[in-house]
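Listed below are the residues making up each chain.
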Amino acid sequence: MRKLQNMLVTGGAGFIGSNFIRYLLKRADFSGLVVNADKLTYAGNPMNLIDIESAFGGKRYFFEKADICDFEKMSSVIEKYNVDTIVHFAAESHVDRSIFGPKTFVDTNINGTFSLLEASRKAWAKRDDVLFHHISTDEVYGSLDGGGCFFETTPYNPRSPYSASKASSDHIANAYYHTYNLPVTISNCSNNYGPYQFPEKFLPLMIINMLEGKELPVYGDGKNVRDWLHVEDHCEAIRLILKNGKTGETYNVGGESEWPNIEFVNVLSGKVAKLPSKNPDSLKKLIKIVPDRPGHDRRYAINCDKIKAALGWQRTYDFNTGLDSTIKWYLNNMEWTNHVRNGDYQKWMNANYKGRT
Ligand code: NAD
Ligand code: TYD
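Structural notes, computed from the coordinates. (Residues numbered from 1 in each chain as written. Chains lettered and ligands numbered in written order. Predicted model: local features only at pLDDT ≥ 70, side-chain atom pairs only at ≥ 80, totals over all residues. Heavy atoms only, no water.)

Examining the pairing of strand β3 (residues 61–65)
- Note: strand β2 (residues 33–38) against β3, 5 bridges, orientation parallel. Residue D38 lies in a different strand from β3, and its bridge partner there is K65. (Pairing = 2+ DSSP bridges. Helix = DSSP H or I, 4+ residues; strand = E, 2+ residues; numbered from the N terminus.)

Here is the structure:
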């Protein structure tokens, strides 16, 4: 079992990274420190960690504004904090954006991961008590058109610029394990949901549009299937991999909750309709079928027997309770949503993070 001490989390100001930092620092059995290195793109928001900053800032939580593509900066962060564990979340993460502008996906997801691996290899040349955990996606396996599911052994077949860039980064991480003996683990997970997800992604977009009475854009025939994993269940999977995962191994993490998009929207609207002043019929009328995403993967489904058997992971959220608590979170945090969407958080960030780059 690894003892986690000085952890570098990349992309910790984003959705999953911020949930992971909170999850870890609030656990009584973690006594180490966390350094969050984030470039603060449109998706990175230090407000996501305002509670953590005030509880642990300068003691066990540190923020470094940094681009993972910057080898010198990342090397100096690893050295400054004597980092022994890297959890690499930082990425461009939205498929639609990758269709409109693939370059930043290649820059950050491929070249950035390469640069970070290289910085780790150099900094850790004389250490074997270290771990580089690379966070990836089930989208690298491609699209399932009928039944079946993705296993860790499923050949890669990425089809969007996003998934191709993530697949490439997985291969580079794997190559560093085999070629340079860098202790690497990889996890590939399904669609996460939960608090602090940027509202361009399907679930928060739908919740917020329902709350605001705006159209609900459903791509194509609405029958594309996604598997939904609560972000806290994902965080626990990562923690277990960091503690006991075998280097050189990949672990799939899934929510075992498959939904065709249109059915998902119907379930969601049924739940939102129970809120005071919401009318089920008027919510259903907001659904708008819009042109399909180019190359839209039909179905993702994950087999996660390996992480269950090897590390004892189990999901704790069923879809119903996970969705209820997520709706509640967005309802109670409309200020956060408005800040994020209006770009106000950029101003907030400049005011609060001045001189702290
Ligand atoms: P996100 O877009 O919410 O956050 C990404 C974070 O990375 C942001 O804080 C951003 O500022 C930072 N970042 C981007 N480019 C950077 C760079 N060059 N240097 C430093 N920081 C940079 O993403 P997320 O949804 O939290 O996803 C995190 C990771 O999980 C990604 O690697 C993604 O591919 C993977 N993943 C996400 C999902 C999902 O459903 N969200 C599913 C599977 C895998
Ligand atoms: P998304 O949250 O973008 O995740 P991913 O593409 O990585 O799975 O989308 C989830 C599903 O919802 C996907 O099948 C595309 C679909 N979708 C819509 O139908 N409408 C939308 O406005 C968005 C953003 C996504």
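Following the structure, the description resumes.
Considering the sheet that holds β3
- Across the sheet, which stays open at both edges, the 7 strands sit in the order β3-β2-β1-β4-β5-β6-β10 with parallel pairing between neighbours. With partners counted over all chains shown, the strands left at the sheet margins are β3 and β10 (250–253), one partner each. When the angles between neighbouring strand axes are averaged without regard to direction, this sheet yields 20 degrees.
- Relative to strand β4 (residues 85–88), strand β1 (residues 6–10) is paired through 4 bridges, and the arrangement is parallel. (Axes fitted to C-alpha atoms, helices over the stretch in contact; angles between N-to-C directions.)

Thoughts on the pattern of salt bridges
- Counted under the stated rule, the structure contains 25 salt bridges.
- The salt bridge involving D107 is made with K103; its shortest N-O contact spans 2.7 Å. Linking D107 with K103, this pair stays in helix α5 (residues 103–123), spanning 4 residues, or about one helical turn.
- By relative accessible area, which is 59% here, K103 ends up exposed.
- Note that D324 and K271 form a salt bridge whose closest N and O atoms lie 2.9 Å from each other. Of this pair, D324 sits in helix α12 (residues 319–332) while K271 sits in helix α9 (residues 261–272), and the two are 53 residues apart along the sequence.
- The partly exposed category is assigned to D324, whose relative accessible area is 39%. (Salt bridge = Lys/Arg side-chain N within 4 Å of Asp/Glu carboxyl O. Buried < 20%, exposed > 50% of the residue type's maximum accessible area, 1.4 Å probe, protein only.)

Some words on the site of ligand 2
- Looking at ligand 2, there are 18 residues lining it, with E139, P217, R226, R293 and H296 nearest.
- E139 places a side-chain nitrogen or oxygen 2.6 Å from an oxygen atom of ligand 2.
- Burial of ligand 2 by the protein amounts to 95% of the accessible area it has alone, namely 510 Å².
- Among the secondary structure elements, those contributing two or more residues to the shell around ligand 2 are α4 (95–100), α7 (202–212) and β8 (216–219).
- For the shell around ligand 2, the element with the most residues is β8, which contributes 3 residues.
- Each residue belonging to the shell around ligand 2 can be placed in one class, and the counts come to 7 nonpolar, 5 polar and 6 charged. (Near = heavy atom within 4 Å. Polar contact = N/O pair within 3.5 Å; in protein donor to acceptor, adjacent residues only side chain to side chain. Areas by Shrake-Rupley, 256 points an atom, 1.4 Å probe, with all protein chains shown as cover. Nonpolar A, V, L, I, M, F, W, Y, C, P; charged D, E, K, R; others polar.)

A few points about the environment of A175
- On the secondary structure map, A175 appears in helix α6 (residues 161–180).
- In this structure A175 comes out as partly exposed when scored by relative accessible area, which is 33%.
- For the pair formed by A175 and G248, sequence separation is 73 residues and the distance between their alpha carbons is 9.5 Å.

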